[in-house]
Amino acid sequence: MIFSSYQFLLMFFPITAIGYWVLNHFRFYEMSKIWLVIASFYFYAQGSPAFFPYFMGSVLANYVLGITMCQLQEDKTAQRKVLLAVGVIANVAFLAYYKYMNFFLENVNALFGTDFVMKNVVLPIGISFFTFQLIAFLVDCYRGQTRKYNITEYLLFITFFPQLIVGPIVHHAEITPQFEDPKNRVFNQRNVALGIFIFAIGCAKKMILADPMNNNAAEFYGAINDSVTMWESWFYTLEYSLAYYFDLSGYTDMAIGLGLFFNIRLPENFNAPWKAQTMQEYWQRQHITLSSFLGGYVFKSVFRKGCWGRNYYIATMVTFLVSGIWHGAGWNFIIWGIMNGVLVCIGAWESYHKKYPPYLIGVIFTFFCIVLTRVIFVAQSLGDAGIVYRSMFDIGALTSMGWPEVWRQFSLFVTHHQKLGLLVVIGLIICWFAPTTRQMADKFKADWKRFVFVGVLFAVCLARMNQVVQFLYFQF
């Protein structure tokens, strides 16, 4: 069950929201939270029914470990370290089995000539996201930065369905106090109107922009051969880059909009990343909650204050290596992480030495970095990535045919891709010139103009919901 489906919009969500507010209206506050937890369990079980019992076992086991650490005295450092180690190792092992076991066996077979049989493992949806939240909870319990939540508070923080599958990655200190705030137990019409507005924007990003571009680019990347042209490589990679951005930012908008129905404000996850001047700035604007998690729990674990230079770059490279591994099981993701780490280090060097490029040059350079790193991220093999990279920069093939022929082929390519080309142009205009969802939300007024705007977006999206397309980040 996904947000942009009839089942979710016409059945699950109305029943969940109405039940929650009816219970709050009659002051059954604890029951309203339990109702939301049960609804979230049902939501997850619809997506990964076979994994659901293991999901429940993992969530409850982490709660027991975390609360036990909270109850231990400060002088029981050794015991708390053991519990933290057990929890982190168990979570990582759990994730590794489902996400990386076949990658590990494949490389062992290649290196040692063994014949281990690949496991028939289906990746549970959302495992990478909720695993990060569970690890963060355990680390904060060890550091004494959390309190002894009761089981309902804890489950609500972990399983709150708008953010459960693909984020934004939330911190317990952001979410739990909002559910405890008496003001948030009162139905808020403005929050609902704003939630509908943001949800409609996210739904449009997903269904009108991301899905068509994703389907088109995926077809190209699924059949790469030596005959691909420069135009194809650049166009389809740009298309994929935009599709990934609008897909995940669309999901985030929908999650934020849904949260507002319950008076819960989920954290911002995108801040016009394509306007960044360096890749360092890009990752401060792109997938912000993931960057914050990696910065707070990986980078800070490696980086040592007072040793900025080499130590900073090492911590950055380790952080992006972890990011690459987190995104997927494959050497392409590892290389993608290393590429981004190097580019971020270059941006950090520029920032430290105050050698900023002119704004337009910086934005253009960052744009090309985004597109070029997307190749290795989406290619089905390193060989396919190599073919695309070679064709992107095969200037010799162009000059050998003569510029009239080059122009003819380019004109034919544009003619055959008018519809998707127009979507790409619209996507770029939105990325570079349109206000962010956050900026539009800050200026939101429930007037007739926005009512018409939302109505048009919903009408177009509802007409397309018979073709349900999974969110791209479900695979992570």
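About the criteria used
- The written sequence of each chain sets the order in which its residues are numbered from 1.
- Confidence filtering applies because this is a predicted model: local features only for residues at pLDDT of at least 70, side-chain atom pairs given and counted only at 80 or more, and all residues used for totals across whole chains, interfaces and linings.
- Working from all heavy atoms in the structure, the side-chain values ignore hydrogens and water.
- Only the contacting stretch of a helix is used when fitting its axis, a line to C-alpha atoms as for every element, and angles between N-to-C directions run 0 to 180 degrees.
- Under the scheme used here, helices are H or I runs from DSSP no shorter than 4 residues and strands are E runs no shorter than 2 residues, and both carry numbers assigned from the N terminus.
- Should an angle fall under 35 degrees it is taken as roughly parallel, and over 145 as roughly antiparallel, whereas 65 to 115 is taken as roughly perpendicular and any remaining angle as oblique.
- The contact definition used throughout considers only heavy atoms, calling two residues in contact when any of these lie within 4.5 Å.
- Just so you know the grouping, Ala, Val, Leu, Ile, Met, Phe, Trp, Tyr, Cys and Pro go in nonpolar, Asp, Glu, Lys and Arg go in charged, and all remaining residues, Gly too, go in polar.
- The criterion for an aromatic pair is that two Phe, Tyr or Trp rings (for Trp, the six-membered ring) have centres within 6.5 Å, with stacked assigned to planes under 30 degrees apart, edge-to-face to planes over 60 apart and tilted to the rest.
- Using a 1.4 Å probe on the protein chains alone, a residue whose accessible area is under 20% of its type maximum counts as buried, one over 50% counts as exposed, and one in between counts as partly exposed.
- Put simply, a charge is over a ring when the Lys NZ or the Arg CZ is close to the ring centre, within 6 Å, and near the line of the ring normal, within 35 degrees.
- A pocket, in this scheme, is an open set of points on a 1 Å grid over the protein atoms alone with protein on both sides within 12 Å along at least 5 of 7 lines, while a cavity is a set where a 1.4 Å probe fits but cannot get out; residues line either one if an atom lies within 4 Å of a point.
- Grid points are joined across faces, edges and corners, and a volume is the space filled by probe spheres set on the points.
- Expected helix span is computed as 1.5 Å times (number of residues minus one).
- Each polar contact in these results corresponds to two N or O atoms within 3.5 Å; when the atoms are within protein, one needs to be able to donate a hydrogen and the other to accept it, and residues that are neighboring in sequence are counted only if both atoms are side-chain atoms.
- Any residue with relative accessible area above 30% and no salt bridge may belong to a patch, with like charges joined within 9 Å and the nonpolar Val, Leu, Ile, Met, Phe, Trp and Tyr side chains within 5 Å.
- Areas reported as accessible are Shrake-Rupley estimates using a 1.4 Å probe. Residue values count occlusion only from the protein chains shown.
- What counts as a salt bridge is simple: a side-chain nitrogen of Lys or Arg found within 4 Å of a carboxyl oxygen of Asp or Glu.

A short note on the packing of helix 5 (residues 127–143) against helix 6 (residues 151–159)
At their nearest, the axes of helix 5 and helix 6 sit 10 Å apart, and the two run at 140° to each other. One way to sum up the angle between helix 5 and helix 6 is to call them oblique. Contacts between helix 5 and helix 6 involve Gln-133, Leu-134 and Phe-137 from the former and Tyr-154, Phe-157 and Ile-158 from the latter. Class assignment of the residues belonging to the contact of helix 5 with helix 6 gives a composition of five nonpolar, one polar and no charged.

Some words on the packing of aromatic side chains
Tallied over the entire structure, the rule returns 65 aromatic pairs. Relative to Tyr-251, the ring of Phe-3 lies with its centre 4.7 Å away and its plane at 25°, an arrangement referred to as stacked. With Phe-3 in the segment before helix 1 (6–25) and Tyr-251 in helix 10 (residues 230–261), this pair connects stretches of sequence that are 248 residues apart. Since its relative accessible area comes to 1%, Phe-3 is described here as buried. Residue Tyr-251 is classed as buried on the basis of its relative accessible area of 1%. With 5.0 Å between their ring centres and 40° between their planes, Phe-197 and Phe-444 make a pair best called tilted. Of this pair, Phe-197 sits in helix 9 (residues 189–221) while Phe-444 sits in the loop between helix 20 (437–442) and helix 21 (448–464); the two residues are 247 residues apart in sequence, bridging distant segments of the chain. Each member of the pair, Phe-197 together with Phe-444, is buried. Here Lys-99 stacks its cationic end above the ring of Trp-326, 5.2 Å away from the centre of that ring.

Quick word on the side chain of Thr-237
Structurally, Thr-237 is set in helix 10. Overall, Thr-237 belongs to the buried group, its relative accessible area being 0%. Setting aside residues no more than four positions away along its own chain, Thr-237 makes contact with Tyr-221, Glu-232, Val-371, Arg-374, Val-375, Val-388 and Met-392.

Thoughts on the layout of surface pockets
To find leftover empty space, one rolls a probe the size of a water molecule over the atoms. The calculated volume of the largest pocket comes to roughly 770 Å³. As for the largest pocket, its lining consists of 39 residues, and the residues nearest its centre are Ile-201, Lys-205, Asp-253, Thr-436 and Thr-437. Examining the composition of the lining of the largest pocket, we find that eight residues originate from one element, helix 9, more than from any other. Grouping the amino acids of the lining of the largest pocket by side-chain chemistry returns 26 nonpolar, six polar and seven charged.

With respect to empty space enclosed by the protein
Considering all chains together, one arrives at four cavities of 30 Å³ or more under this definition. Forming the boundary of the largest cavity are 13 residues, of which Tyr-282, Trp-283, Gln-286, Trp-336 and Arg-374 lie nearest the centre. Among the elements of the structure, helix 11 (279–285), helix 14 (331–352) and helix 15 (359–378) are those that each provide at least two residues to the lining of the largest cavity. At four residues, the largest contribution of residues to the lining of the largest cavity is made by helix 15. Among the residues making up the lining of the largest cavity, the classes are represented as seven nonpolar, five polar and one charged. In this structure, the second largest cavity spans a volume of roughly 50 Å³. Elements represented by at least two residues in the lining of the second largest cavity include exactly helix 1, helix 2 (29–47) and helix 8 (172–180). Ranked by residue count, the leading element in the lining of the second largest cavity is helix 2, at three residues. The residue inventory of the lining of the second largest cavity, partitioned by class, reads three nonpolar, four polar and three charged.

Comments concerning helix 10
One full turn of an α-helix is made of 3.6 residues, so residues set three or four places apart face in the same direction. Spanning 32 residues, helix 10 covers 47 Å between terminal C-alpha atoms, matching the ideal 46 Å at 1.5 Å per step. The buried count for helix 10 comes to 29 of 32 residues, which makes it a mostly enclosed element. Note on helix 10: the residue one or two positions beyond its end, Asn-263, has a positive phi of about 65°.

Concerning unusual backbone geometry
The backbone of Asn-263 shows a phi angle near 65°, a positive value even though the residue is not glycine. Within the element layout of this structure, Asn-263 appears in the loop between helix 10 and helix 11. Even without glycine at this site, His-287 takes up a positive phi of about 45°. Among the secondary structure elements, His-287 is positioned in the loop between helix 11 and helix 12 (288–302).

Some thoughts on the side chain of Ser-40
By secondary structure assignment, the location of Ser-40 is in helix 2. Side-chain polar atoms of Ser-40 contact the backbone oxygen of Thr-159, separated by 3.1 Å. Sequence-distant contacts of Ser-40, defined by excluding residues within four places in its chain, comprise Thr-159, Phe-160, Phe-161 and Leu-164.

A few points about a nonpolar patch on the surface
A cluster of nonpolar side chains, namely Tyr-6, Leu-10, Met-11, Ile-15, Trp-35 and Leu-462, defines an oily patch on the protein surface of about 580 Å² accessible area. If you tally residues by element for the nonpolar patch, the top one is helix 1, at four residues. Tracing the sequence through the fold places Tyr-6 in helix 1. With relative accessibility at 35%, the residue Tyr-6 sits in the partly exposed group.

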